Amino acid sequence: MRKIKNILMCLLLLMVCISVDAQTRKTTPKRTKAKTTQVKKTQKPTKVDTVVAEKKEVPKHKSLSDPTVVRYLRGGFAKDGKLNLITNADYGKLNSEQKRDVLSKVAKEFADYDMNIYPGGQQRELWISSPEGVKMLSQWNNDSLQIEDYMPLELQRSGDTKVFYYVGGTFNGGDNYTNGSLNLRGGSYLYKNILDASITLNLGYNNFGDESDFAGDIGIDSRAYLPFNIKGVNLAPYAGAGISWAFAPESYSELRLLAGACWFVGPGSLDIGMQYGTESDFSLTLGYTFRIPVKSK
């Protein structure tokens, strides 16, 4: 009986403990969980591989490598809508139509470009290109002297041949002495008409007081026409030299120096000058030089 009481007391005590624990849980406030803030880690910037842009290759223009174009070009470059081409001597031999054919091939890849052509020296040409073709706008010479305007006017003589003829006379004199003769020359112009060479023949007289003798000589001479003319009066100076052999009235040879000017009038020039001979002394010369026109076939 005593054991039963002890068991019951234990059970009662256990029940009391359980109820006290349950009551304690009800009255104790629940703790709120602390909010945790997440701190975002700053990401370091990732290295981006930089790609170097490749340089564009300069386009190769096929028209500039065309064999029919290359033979006339020495070089060139394109800039600001202008194509500058340096040509060679073969280009200078072309006429306007042939130049247009060559540059038309270049213009296929340079439409609407101004084309500055440098044929050599101070010569310049300006062409304009378009899809329809090319056209020359102007042609000029940068030489401030404009040497073409000062060239000897031999270039303007009538006649297609370089052969020329001269008819004139010489005169000199002194105390009780005079000499006059018909002076004939026939020759050809050399090197761009700046130089000439001719055979000369003088037929005349020597007069000593009351006596007069026949005089004659034959020789060769050459004149160099200075590369300019005197504006306004159309004169071109010249200088030259020659040798002659006198066959009457006495036989002797002499050296002659020539100087004067050509006045270009009509189909030729009126030549006025002085002649100095080592034997005949100074003489005044006056004559007319001309060429006989040759008709083209």
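That block above? That's the structure.
Predicted model only: the values in this text are computed from it and were never measured.

Draft legend 1. Spatial organisation of the overall build of the chain. On a plain count of helices and strands, the chain comes out with 4 helices and 13 strands. Residues classed as buried in the chain amount to 28% of the 297 residues present. Total accessible area on the chain stands at roughly 21,300 Å², and carbon and sulfur atoms take up 60% of it.

Draft legend 2. Representation of the environment of asparagine 206 within the structure. Its location among the elements puts asparagine 206 in strand E8 (residues 195–208). Looking at asparagine 206, the relative accessible area reads 10%, which means it is buried. Linking asparagine 206 and glycine 180, residues 26 residues apart in sequence, is a C-alpha distance of 7.1 Å. If sequence neighbours within four positions are ignored, asparagine 206 has contacts with Tyr177, Thr178, Asn179, Glu211, Ser212, Asp213, Ala215 and Pro249. Side chain to side chain, asparagine 206 and asparagine 179 meet in a polar contact 2.4 Å long.

Draft legend 3. Quick peek at the environment of aspartate 114. By secondary structure assignment, the location of aspartate 114 is in strand E3 (residues 114–120). The class for aspartate 114 is partly exposed, based on a relative accessible area of 26%. Sequence-wise, aspartate 114 and glycine 81 are 33 residues apart; in three dimensions their C-alpha atoms are separated by 6.5 Å. With near-sequence residues (within four places) excluded, aspartate 114 lies in contact with Gly81, Lys82, Leu83, Leu126, Trp127 and Ile128.

Draft legend 4. Fine view of the sheet that holds strand E2 (residues 82–87). In space, the 5 strands of this open sheet follow the order E1-E2-E3-E4-E5, with mixed pairing throughout. Whereas interior strands pair on both sides, the edge strands pair on one side only; in this sheet they are strand E1 (73–79) and strand E5 (133–141). Within this sheet the neighbouring strands show an average axis-to-axis angle of 20 degrees, counted without direction. Direction of pairing for E3 relative to strand E4 (residues 123–130): antiparallel, over a ladder of 5 bridges. Along E4, the bridge assignment pairs glycine 120 with glutamine 123. Contacts between helix H4 (residues 96–107) and the sheet are confined to E2, E3, E4 and E5, with E4 contributing the most and set at about 55 degrees to the helix.

Draft legend 5. Just the sheet that holds strand E9 (residues 211–225), in detail. In space, the 8 strands of this closed barrel follow the order E6-E7-E8-E9-E10-E11-E12-E13, with antiparallel pairing throughout. Strand-to-strand, the axes of this sheet are offset by a mean angle of 25 degrees, without reference to chain direction. The pairing of strand E11 (residues 252–265) with strand E12 (residues 268–277) spans 10 bridges and is antiparallel. Within E12, the residue paired with arginine 256 across the bridge is glycine 277.

Draft legend 6. Representation of the pairing of E9 in the model. The sheet contact formed by E8 and E9 spans 14 bridges and is antiparallel. Its bridge partner being in E9, asparagine 202 is matched across the sheet by aspartate 217. As consecutive antiparallel partners, E8 and E9 are separated by 2 residues, and within that stretch glycine 209 has a phi angle of approximately 65 degrees, a positive value. Inspection of the sheet shows E9 paired to strand E10 (residues 235–248) by 10 bridges, in the antiparallel sense. Looking at E10, one finds that aspartate 217 is bridged to alanine 246.

Draft legend 7. Broad picture of the nonpolar core. Formed by 16 residues in total, the largest nonpolar core has its most connected members in Leu85, Tyr91, Leu103, Val106, Met115, Ile117 and Trp127. Residue assignment for this core shows that the elements contributing at least two residues are E2, H4 and E3. With 4 residues, the top contributor of residues to this core is H4. Among residues more than four places away in sequence, those in contact with leucine 103 are Leu85, Tyr91, Met115, Ile117, Trp127 and Val134. Of all hydrophobic cores here, the second largest spans 8 residues; its members include Phe164, Tyr189, Cys262 and Phe264.

Calculation notes
Residues numbered from 1 in each chain as written. Predicted model: local features only at pLDDT ≥ 70, side-chain atom pairs only at ≥ 80, totals over all residues. Heavy atoms only, no water. Helix = DSSP H or I, 4+ residues; strand = E, 2+ residues; numbered from the N terminus. Buried < 20%, exposed > 50% of the residue type's maximum accessible area, 1.4 Å probe, protein only. Areas by Shrake-Rupley, 256 points an atom, 1.4 Å probe, with all protein chains shown as cover. Contact = heavy atoms within 4.5 Å. Polar contact = N/O pair within 3.5 Å; in protein donor to acceptor, adjacent residues only side chain to side chain. Pairing = 2+ DSSP bridges. Axes fitted to C-alpha atoms, helices over the stretch in contact; angles between N-to-C directions. Core = buried A, V, L, I, M, F, W, Y, C linked by side-chain atoms within 4.5 Å.

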